[in-house]
Every structure is written in structure tokens, then in C-alpha cells.
Amino acid sequence: MPKRVPTDPARRWHRLFGLLLTDYLRGSPFTVELEKDLSHRQQLLDVVIVRRAEGAMSRAMPDGLQDLANHNLITFKSFWEPFDDWTLKELTGHYVNYRKQASRSREELLPEAEFRLFGICARHPQQLLQVITHDKVQEGVYDCRRGTDVIRLIVARDLPKKEENSLLHLFSAAQEQVKYGAEHYSLQSPDVSSVVNQLFGEYRREGLTMPYTMEDFKRELALENLDQLTPEERLSGLAPKEILQHLSDDEIKAYLAKRHKSHPEAKPKKSKRRSR
């Protein structure tokens, strides 16, 4: 039975992020778990990426997500949620609970090296970066330190426009980045197009106007998959008049002549007269 769509706006954004990340990692050695429940009193971790098999990634990962561990805990904040010091505290708490659950026992905890912590946010957390110790790894990517823990912070809006960053650009809430993300993100499964539709719907719900519309996305998605359709599927829904309008008179005559040559009409047999 499919999960119900959350009514809380924050959870809707988190769910969309997790679903598209699931699509991005389709066919890789990693699986994605959404809204991981970490306690009897419900505390949901947005996304967990877990290595389930050996092997390397077949596609480039977004900036900041290249070096995944066996267990990767991600907290995500949409454009209207603040990514602040409390967010980091919360993520650290999730990590403690998750590590206990993933290990055989509290006496045999999995090594810390098997875990990585990530924070991904839409807008630049200026206030947070003013009060915490951090190192800038590259544009839009920071390593934040909390005690002995290092939390990788990725700011979707600040990432350079590269194809591998298109997934995160979709969540940046910046018109140009969203447009770039929609134009360059390659879906691993056509079924996920409905998730992109929901994403654009959330932007409209929040009153954000995007120059790239869902109609643009559907048109480009159809063009990308055109070679996989049969001729009948490509022409489905078109009236003969609409098809002929795109052909010249010479093309139509040439086609009819070729068809007549390969499928000549059967001549009627002459009836033999009986001799008297």
C-alpha cells in the first residue's frame, strides 16, 4: 500500500528530495531509505543512503557527495526552513541513535569510519557559518566541525552549474538553477516524472514563479525517449490531416508511388465465356 503524501510542507519537500535521490542512485550499489524512524517516540531522519553491494558508482555524484561511506545520514532543509546550529545538533543525535540500531550491540558498535553526516540546504546559511568552525571545500560545499564529528554541508543554490549538480539545483529555489536542473537532470526511471511534477507544484504552492514549467519538462522528457517509441506510438493521437500537413506534395507523391509499386492492386479476373 503506497505511503500517503505528508500534509506538513517540510515533510513534503523532504520526501520529494528523497524520491529524486532514490532515482539518481538507481542501479548503484546504494539504496535510499526515506524518513528513517530512529526511536519509539517518532524522530524521523530525512534520508539514509546505505551501501548494499560492492561496486563503484556508474554516474558522477553531485559536488560534496562523491565519497559516500557505508552509511550516509542526510538532513535536508528546503528554501523556507532555516539550516541552523540546532539542525546540526539534531543530525548528531540521529547519528548516535542510528549507529546503535545499525550495530550488533552497544558493546560492538560499527566503526565511525562507516558513517558520514551530510546537511543539504537550499539557501546559504550565512548565520550558521558565522558561528561554527568550518572549512570551505569548494563552491557551495563546507566541512563543519562539531567536536570530533565532521558534517558535510552542501548549499544547493551555491553549487556551480554542472550536469552532476542538476539534481540539487532542482531544490535550490533559485530560478536559473532550477531551470538548469530541469533541463539537465536525466531521470533514471520515467515513472519519476510525476515526482518532478510534484516538485514544481510545491514551488507554485509557495508562490515562487519558475521560468521553466512542467510542460517544458514533459516536452523534453518525451523528446529524450522518442527513439524508444514505435512509429504507431509516435503518431498516436494525430489525425491524418495533421500528419500530412508536415509533408510536401513531392513526399506524399513519392510515398504513394512507392506503396503502389510494392503493393499493386490486384487486377480483376476476366470471366471466361462459355462456348456454345
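Structural data are supplied above this passage.
Anyway, here's the lowdown on the structure attached to this text. Since we're looking at a predicted model, the values are computed, not measured.

Basis of the calculations
Residues numbered from 1 in each chain as written. Predicted model: local features only at pLDDT ≥ 70, side-chain atom pairs only at ≥ 80, totals over all residues. Heavy atoms only, no water. Helix = DSSP H or I, 4+ residues; strand = E, 2+ residues; numbered from the N terminus. Buried < 20%, exposed > 50% of the residue type's maximum accessible area, 1.4 Å probe, protein only. Contact = heavy atoms within 4.5 Å. Axes fitted to C-alpha atoms, helices over the stretch in contact; angles between N-to-C directions. Parallel < 35°, antiparallel > 145°, perpendicular 65-115°, else oblique. Left-handed = near helix turned anticlockwise from the far one by under 90°. Salt bridge = Lys/Arg side-chain N within 4 Å of Asp/Glu carboxyl O. Polar contact = N/O pair within 3.5 Å; in protein donor to acceptor, adjacent residues only side chain to side chain. Core = buried A, V, L, I, M, F, W, Y, C linked by side-chain atoms within 4.5 Å. Expected span 1.5 Å × (residues − 1). Arc of directions from axis to C-beta. Phe/Tyr/Trp six-rings, centres within 6.5 Å; stacked < 30°, edge-to-face > 60°. Lys NZ or Arg CZ within 6 Å of the ring centre and 35° of its normal.

## Quick word on the overall build of the protein
Looking only at helices and strands, one finds 10 helices and seven strands in the protein. Out of the 276 residues in the protein, the part that is buried amounts to 39%. A separation threshold of at least 6 residues defines the contact pool for the protein, and within that pool the share at least 24 residues apart is 60%.

## Some remarks on the packing of helix 1 (residues 9-24) against helix 6 (residues 193-205)
Where helix 1 contacts helix 6, the two axes come as close as 10 Å, and the packing angle between them is 150°. Taken together, the axes of helix 1 and helix 6 are roughly antiparallel relative to one another. Considering the relative orientation of helix 1 and helix 6, their crossing is left-handed. Contacts from Arg-12, Trp-13, Arg-15, Leu-16, Leu-19 and Leu-20 in helix 1 reach Val-195, Val-196, Gln-198, Leu-199, Glu-202, Tyr-203 and Arg-205 in helix 6.

## Regarding the pattern of salt bridges
Per the stated rule, a full pass over the model turns up 11 salt bridges. When the shortest N-O distance is used, the salt bridge between Glu-202 and Arg-12 registers 2.7 Å. One end of the pair, Glu-202, is in helix 6; the other, Arg-12, is in helix 1, with 190 residues separating them in the sequence. We classify Glu-202 as buried; its relative accessible area is 5%. Between Glu-183 and Lys-179 there is a salt bridge, with the nearest N and O atoms lying 2.6 Å from each other. With a gap of four residues between them, Glu-183 and Lys-179 both fall in helix 5 (residues 175-184), about one helical turn apart.

## Side note on the side chain of Ser-103
The residue Ser-103 is located in the loop between helix 2 (85-102) and strand 4 (115-121) in this model. When its relative accessible area of 9% is taken as the criterion, Ser-103 is described as buried. Within the structure, Ser-103 has its side chain in polar contact with the backbone oxygen of Arg-99 (distance 2.7 Å). Ignoring anything within four residues of it in the chain, the contact list for Ser-103 reads Glu-108, Leu-109 and Leu-110.

## Here we look at the nonpolar core
Soluble globular proteins tend to pack their nonpolar side chains together in the buried interior. Phe-17, Leu-20, Leu-21, Ile-49, Phe-171 and Leu-199 are the most contacted members of the largest nonpolar core, which has 39 residues in total. Residue assignment for this core shows that the elements contributing at least two residues are helix 1, strand 1 (30-37), strand 2 (44-51), strand 3 (71-77), strand 4, helix 4 (166-169), helix 5 and helix 6. Top element by residues in this core is helix 1. It accounts for six residues. When sequence neighbours within four positions are dropped, the list of residues in contact with Ile-49 reads Leu-21, Leu-25, Phe-30, Thr-31, Val-32, Leu-68, Asn-70, His-71, Asn-72 and Ile-74. By size, the runner-up hydrophobic cluster in this structure holds 20 residues, among which are Leu-73, Leu-91, Leu-129 and Leu-153.

## Focus: helix 2
With 18 residues, helix 2 should cover 26 Å at 1.5 Å per step; its first-to-last C-alpha distance of 26 Å lies within 8% of that length. Of the residues making up helix 2, those classed as buried are Thr-87, Leu-88, Leu-91, Thr-92, His-94, Tyr-95, Tyr-98 and Arg-99. Angular distribution of buried residues about the axis of helix 2 spans 165°; they occupy a single face of the element. Two or three places before Trp-86, at the opening of helix 2, Asp-84 has a side-chain oxygen 3.3 Å from that residue's backbone nitrogen.

## Notes on unusual backbone geometry
In the Ramachandran plot, Ala-173 falls in the positive-phi region, its phi being about 60° despite a non-glycine side chain. Along the chain, Ala-173 falls in the loop between helix 4 and helix 5.

## Some points on the packing of aromatic side chains
Applying the stated criterion across every chain, the model contains 10 aromatic pairs. Ring geometry for Trp-13 and Phe-79: centres 5.4 Å apart, planes at 85°, overall edge-to-face. Of this pair, Trp-13 sits in helix 1 while Phe-79 sits in the loop between strand 3 and helix 2, and the two are 66 residues apart along the sequence. The same class applies to Trp-13 and to Phe-79, which are both buried. Put simply, the rings of Trp-13, Phe-17, Phe-76, Phe-79, Phe-171 and Tyr-203 touch in pairs and so form one group of aromatic residues. The residue whose ring lies beneath Arg-59 is Tyr-24, and the NZ or CZ to ring-centre distance is 3.8 Å.

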